[in-house]
Protein chains: 2
Amino acid sequence: MKAHVYVTLKQTVLDPQGQAIHGALKKMQYQGIEDVRQGKYFVIRLSDALDAAAATAEVERIAKEVLTNPVIEEFSFHLEDAD
Amino acid sequence: MKAHVYVTLKQTVLDPQGQAIHGALKKMQYQGIEDVRQGKYFVIRLSDALDAAAATAEVERIAKEVLTNPVIEEFSFHLEDAD
């Protein structure tokens with residue numbers, strides 16, 4: 001099983017990296033870009049020994065305790081059956 | 001409209017950052033983790049003046065030309081109607 005975890009800055013937190021990309025895209029004449037925010041993306045391959053409920057619990061715990069700084073970031077994730 | 005862009009290292013490229021996270025998770029007694037790979041995640045808010053086809057073309061161009069290093073990375077993206 002594979003988990004895809006997305007960690008982003010909270011909406012209320014300034015994202016200077018995203019703003020820099022936005023500014024660069026504008027200078028490079030890309031059209032219609034209103035905002036860019038950058039986050040992190042993790043792909044976690046899980047043992048097949050875990051069932052869906054255990055995998056969900058484990059990934060949620062990892063995302064919350066290790067991958068995310070809860071002061072400024074939030075996360076979401078989904079599981080998929082591995083290829 | 002919002003575009004979600006995921007940039008990951010190609011499967012054949014070593015991901016030391018992901019390996020470091022994997023090692024840390026093992027030391028912290030998390031169970032059933034077989035592999036971790038880290039990528040980047042971008043949320044791009046697009047002008048409503050762009051229709052779906054124009055938005056797709058623009059986001060694909062940005063992902064290919066700016067956000068991704070084609071030598072070692074690959075990308076995927078999807079669009080969603082903004083809230």
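Refer to the preceding data block for the structure.
The model shown is predicted, which means the values in this text are computed figures rather than measured ones. (Residues numbered from 1 in each chain as written. Chains lettered and ligands numbered in written order. Predicted model: local features only at pLDDT ≥ 70, side-chain atom pairs only at ≥ 80, totals over all residues. Heavy atoms only, no water.)

Peer 1: What exactly am I supposed to notice about the side chain of Glu58 of chain B here?
Peer 2: Tracing the chain through its elements places Glu58 of chain B in helix α2 (residues 52-67). A relative accessible area of 10% means that Glu58 of chain B is categorised as buried. With residues near it in sequence (within four places) discarded, Glu58 of chain B still touches Tyr30, Gln31 and Ile33 of chain A. (Helix = DSSP H or I, 4+ residues; strand = E, 2+ residues; numbered from the N terminus. Buried < 20%, exposed > 50% of the residue type's maximum accessible area, 1.4 Å probe, protein only. Contact = heavy atoms within 4.5 Å.)

Peer 1: When you look at the relation of the copies chain A and chain B in this model, what are you seeing that I'm missing?
Peer 2: Look at the two chain copies: a rotation about an axis and a shift along it is all it takes to match them. Its rotation angle being 180°, the transformation that places chain A on chain B also includes 0.0 Å of axial translation and leaves an RMSD of 0.0 Å. Taken together, the rotation and translation describe the operation of a two-fold axis. By C-alpha distance to the rotation axis, the residue of chain A lying nearest is Lys40 of chain A, at 2.4 Å. Interface residue correspondence from chain A to chain B reaches 100%, placing this contact among same-surface, isologous pairings. (Least-squares fit on C-alpha atoms with pLDDT ≥ 70 in both.)

Peer 1: How should I be thinking about the side chain of His4 of chain B in this particular structure?
Peer 2: All names here are of chain B. Topologically, His4 is positioned in strand β1 (residues 2-9). Polar contacts involving the side chain of His4 include one to the side chain of Tyr41, which spans 2.9 Å. In this structure His4 touches Tyr41, Phe42, Val43, Ser76, Phe77, His78 and Glu80, once residues within four positions along its chain are discounted. (Polar contact = N/O pair within 3.5 Å; in protein donor to acceptor, adjacent residues only side chain to side chain.)

Peer 1: What is the right way to read the sheet that holds strand β2 (residues 33-46) of chain B from this model?
Peer 2: Backbone hydrogen bonds are what pair the strands of a sheet, in a parallel or an antiparallel way. In spatial order, the strands read β3(A)-β1(A)-β2(A)-β2(B)-β1(B)-β3(B); together these six strands make up an open sheet with antiparallel pairing. Of all the strands in the sheet, the pair left with one neighbour each is β3 (73-80) of chain A together with β3 (73-80) of chain B. For this sheet the average axis-to-axis angle between neighbouring strands, irrespective of direction, equals 25°. Two strands pair when backbone bridges link them, and strand β2 (residues 33-46) of chain A and β2 of chain B are joined in this way by 13 bridges, in the antiparallel orientation. Paired with Ile33 of chain A across the strands is Leu46 of chain B, a residue of β2 of chain B. Across the sheet, helix α1 (residues 16-27) of chain A lies against β2 of chain A together with β2 of chain B, angled at about 125° from β2 of chain A, the strand it touches most. Strands β1 (2-9), β2 and β3 of chain A together with β2 of chain B of the sheet are contacted by helix α2 (residues 52-67) of chain A, whose axis makes an angle of about 155° with β3 of chain A. (Pairing = 2+ DSSP bridges. Axes fitted to C-alpha atoms, helices over the stretch in contact; angles between N-to-C directions.)

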